[in-house]
Amino acid sequence: MGYGNKTLKECTVLLCVATILLLAESRRVKQPRCPASCTCTKDNALCENIRSVPHSFPPDVFSLSFLKSGFTQITGGSFLHSPALHLLLFTANTFDSIDEDAFLGLPHLEYLFIENNKIATISQYAFRGLKAVIHLSLAYNNLGTLPKDVFKVHLCKIKKRNNLECDCKLKWLVEWMHTTNAMVDQILCSGPLLFQGKLINDLVPGSFDCITAEFASYQPLMFESISVESFTFGMDTFVVFAQPFTGTCSFLEWDHVETVFRTYDSIQSTSTVVCKPMVIDNQLFIFVAQLFGGSHIYKRDISANKFIKIQDIDILKIRKPNDIETFLIDGESFFVIADSSKAGYTTVYKWNGYGFYSHQSLHLWYRDTDVEYLEISGKPHLILASSSQRPVIYQWSKSLKQFDRRTDIPEMEDVYAVKHFKVKSDLFICLTRFIGDSKVMRWDGAMFKEVQTMPSRGSMVFQPVSIGNWQYAILGSDYSLTQVYQWDLKRGQFVHFQDLNIQAPRAFSVVSIDNREFLLASSFRGKTQIYEHIMIDLSNN
């Protein structure tokens, strides 16, 4: 029995030893070996001319290098099986992009060299998860830009020959360079022209002009219109559209809760072409111009909360109204109606405290299509556009208290409308032609001189509008897209800014509500449109 126990103990010992040996062998077998085409030492590995990133290396590999390899990109999670890496180097390879999370799973990586490759694009999250990196080099690649916040490390090198475009997309890098302790090599900008050849290291965030704007479609209105005006009465802001086919002046107000324009009131008339508001001594008047049935003046009755007609406009003088302008001279209120009939008079009317009476008829037989009030050298003027003569300039005579013909604008026949704007102290006008060339002209102290020509294809409106520090001019078209131009201070003229799809636009107006800016666009053949003027920071894109 003693012999049997001894034998059993010996067998047990042998079994234990065998088990240990098998486990050791098993562990040894499962240890990753050095991949083919790679050379490994105790703690280093070098891979040359390989087609893909191997997924396993010996566990003690401390540094890993890739030379002249043929893979086209570094994909996400490529090094999840090599968590012990402290140094990773890529040089003279052919890959051109780095995907997001490419270096995930490398908590100890301190040195990352990606140099002399063909990298053109890097994912914004390519270096996500790298907590210990103290040196990152992207030298000698084909990088034109870098996505915002692509790296947040203590030391970075982005050397020359990366052709970096120092535009708004790289403003974040300049901001980062001014707030980080990282040592950044001298980097030359390959563009844009303003910064070409300059060091990005010498730029400051203020060097970039990255704020632009856009007219974004906001609210379509289910009616056609031929004119639009915005105005303030009391503490509220309103807009009014003239709808010729329904014979309506449609008033809208801003809904501060729903943040849309909603119906407020209306004035029913016939073949309405203009609904012009004017506030005098806290009273709201609406001049309603009609092609048929005469034109009328309405007043807002606050107690009855409606518009009431208070006056008819002389039908013998105003036969075919086409435009209305309101203005103040020496504290007195006037409005003028441009009449486009063969036998009508373009007439100035004056408020006498009780009603409006005819103050002056400017001329007969000229079929005026537009009238514009403006001040030239501090003096009141009118410019009349006509289908039968060049635009005529009238100047207000203080002694006679009426307008005298001053001159006309040479070589500008067949002008449909004239609108003015100012840039600093300079006075400009936009002259609309239906077919041919619309013009931008500048007052030189004696006459308006041409500054710019805009090809017109069915244009009935060339409207300058100002929003904050932005000056625009909008050239409508019955046959093509409406073109928005923006004033370029350096060039001293308009540059193309945006196209809008509006069917047969006839008028534009800007309204400011709740710190927001809206562009109202009347459409003679389709839906009237409301656009919002929104600011865009290009450095965030």
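Residues numbered from 1 in each chain as written. Predicted model: local features only at pLDDT ≥ 70, side-chain atom pairs only at ≥ 80, totals over all residues. Heavy atoms only, no water.

Let's shift gears to the pattern of salt bridges. Taken as a whole and judged by the stated rule, the model has 20 salt bridges. For D488, the salt bridge goes to R491, with nearest N and O atoms at 3.7 Å. Residue classification places D488 among the partly exposed positions, given a relative accessible area of 21%. Judged by relative accessible area, which is 58%, R491 ranks as exposed. The structure contains a network of salt bridges with shared partners spanning E100, D101 and R128. (Salt bridge = Lys/Arg side-chain N within 4 Å of Asp/Glu carboxyl O. Buried < 20%, exposed > 50% of the residue type's maximum accessible area, 1.4 Å probe, protein only.)

What follows is about the state of the cysteines. With the rule as written, the count across this model stands at five disulfides. Here C168 is linked by a disulfide to C210, with a sulfur-sulfur distance of 2.2 Å. Across the disulfide from C168 to C210, rotation about the S-S bond amounts to roughly -105°, and the bridge is consequently left-handed. Placement of C168 in the loop between β10 (156-157) and α2 (171-177) and of C210 in the loop between α2 and β11 (211-221) is noted, with a sequence separation of 42 residues between them. Summarising the burial analysis for this pair, C168 and C210 share the class buried. The disulfide partner of C249 is C275, and the S-S distance across this bridge is 2.0 Å. Given an S-S torsion of about -85°, the disulfide between C249 and C275 has left-handed geometry. With C249 in strand β14 (residues 248-255) and C275 in strand β16 (residues 272-280), this residue pair connects regions lying 26 residues apart in the sequence. For the pair formed by C249 and C275, the shared burial category is buried. Among the cysteines of the chain that take part in disulfides, numbered as they appear in the sequence, the pairing is 1-3, 2-4, 5-7, 6-8, 9-10. (Disulfide = S-S within 2.5 Å. Helix = DSSP H or I, 4+ residues; strand = E, 2+ residues; numbered from the N terminus.)

Moving on to the nonpolar core. Counting residues in each nonpolar core, the largest one holds 53 residues, and the members touching the most others are F66, F79, L88, F90, F103 and F127. Those elements giving two or more residues to this core turn out to be β2 (44-48), β3 (63-67), β5 (87-91), β7 (111-115) and α2. Among the elements that line this core, the one with the most residues is α2, at five residues. When residues no more than four places from it in sequence are discounted, the contact partners of F127 are F103, L112, I114, I122, L136, L138, V150 and F151. (Core = buried A, V, L, I, M, F, W, Y, C linked by side-chain atoms within 4.5 Å. Contact = heavy atoms within 4.5 Å.)

Attention now moves to the packing of aromatic side chains. This structure, assessed with the given rule, holds 44 aromatic pairs. Between F215 and F497, the aromatic rings sit 6.5 Å apart at their centres with planes inclined by 85°, giving edge-to-face as the arrangement. With F215 in strand β11 and F497 in strand β35 (residues 493-500), this pair connects stretches of sequence that are 282 residues apart. Ring geometry for W396 and F403: centres 5.0 Å apart, planes at 70°, overall edge-to-face. For the pair W396 and F403, one class covers both residues: buried. (Phe/Tyr/Trp six-rings, centres within 6.5 Å; stacked < 30°, edge-to-face > 60°.)

Glancing now at the confidence of the model for the chain. Close inspection of predicted coordinates is inappropriate in any region flagged by low pLDDT. With 92% of its residues at a pLDDT of 70 or more, the chain has an overall mean of 90. Here residues 11-24 is a poorly scored stretch, pLDDT under 50, and it has zero contacts once near neighbours within four places are set aside; other chains count. (pLDDT = per-residue confidence, 0-100.)

Moving on, we come to the pairing of strand β26 (residues 392-397). The element β26 is largely enclosed, with a buried count of five among its six residues. Taken together, the four bridges between strand β25 (residues 379-386) and β26 define a ladder with antiparallel strand orientation. Note on β26: the bridge partner recorded for L384 is V392. Taking the residues between adjacent antiparallel strands as the criterion, β25 and β26 are bridged by five residues. As paired elements, β26 and strand β27 (residues 402-408) share six bridges and run antiparallel to each other. What sits directly across from Q395, in β27, is D404. (Pairing = 2+ DSSP bridges.)

Across the sheet, four strands lie side by side as β24-β25-β26-β27; this open sheet has antiparallel pairing. Each end of this open sheet is capped by a strand with a single partner; those strands are β24 (368-376) and β27. Each strand of the sheet is rotated relative to its neighbour by a mean of 30°, with strand direction disregarded. (Axes fitted to C-alpha atoms, helices over the stretch in contact; angles between N-to-C directions.)

This paragraph deals with unusual backbone geometry. Among all residues save glycine, negative phi is the norm, and among peptide bonds the norm is trans. Cis geometry marks the peptide bond from G191 to P192, where omega comes out at -5°. Its location among the elements puts P192 in the loop between α2 and β11.

Let's shift gears to the sheet that holds strand β33 (residues 470-475). Strand order across the open sheet formed by four strands is β32-β33-β34-β35, with antiparallel pairing between neighbours. Each having just a single partner strand, β32 (462-467) and β35 make up the two edges of the open sheet. Averaged over all pairs of adjacent strands, the angle between strand axes in this sheet comes to 30°, irrespective of strand direction. One ladder, built from seven bridges, connects strand β34 (residues 482-488) with β35; its direction is antiparallel.

Its place among the elements puts S295 in strand β18 (residues 295-301). For S295, the side chain forms a polar contact with the main-chain nitrogen of Q290, separated by 3.1 Å. Ignoring any residue separated from it by four or fewer positions in sequence, one finds S295 in contact with V288, A289, Q290, D312, I313, I318 and P321. (Polar contact = N/O pair within 3.5 Å; in protein donor to acceptor, adjacent residues only side chain to side chain.)

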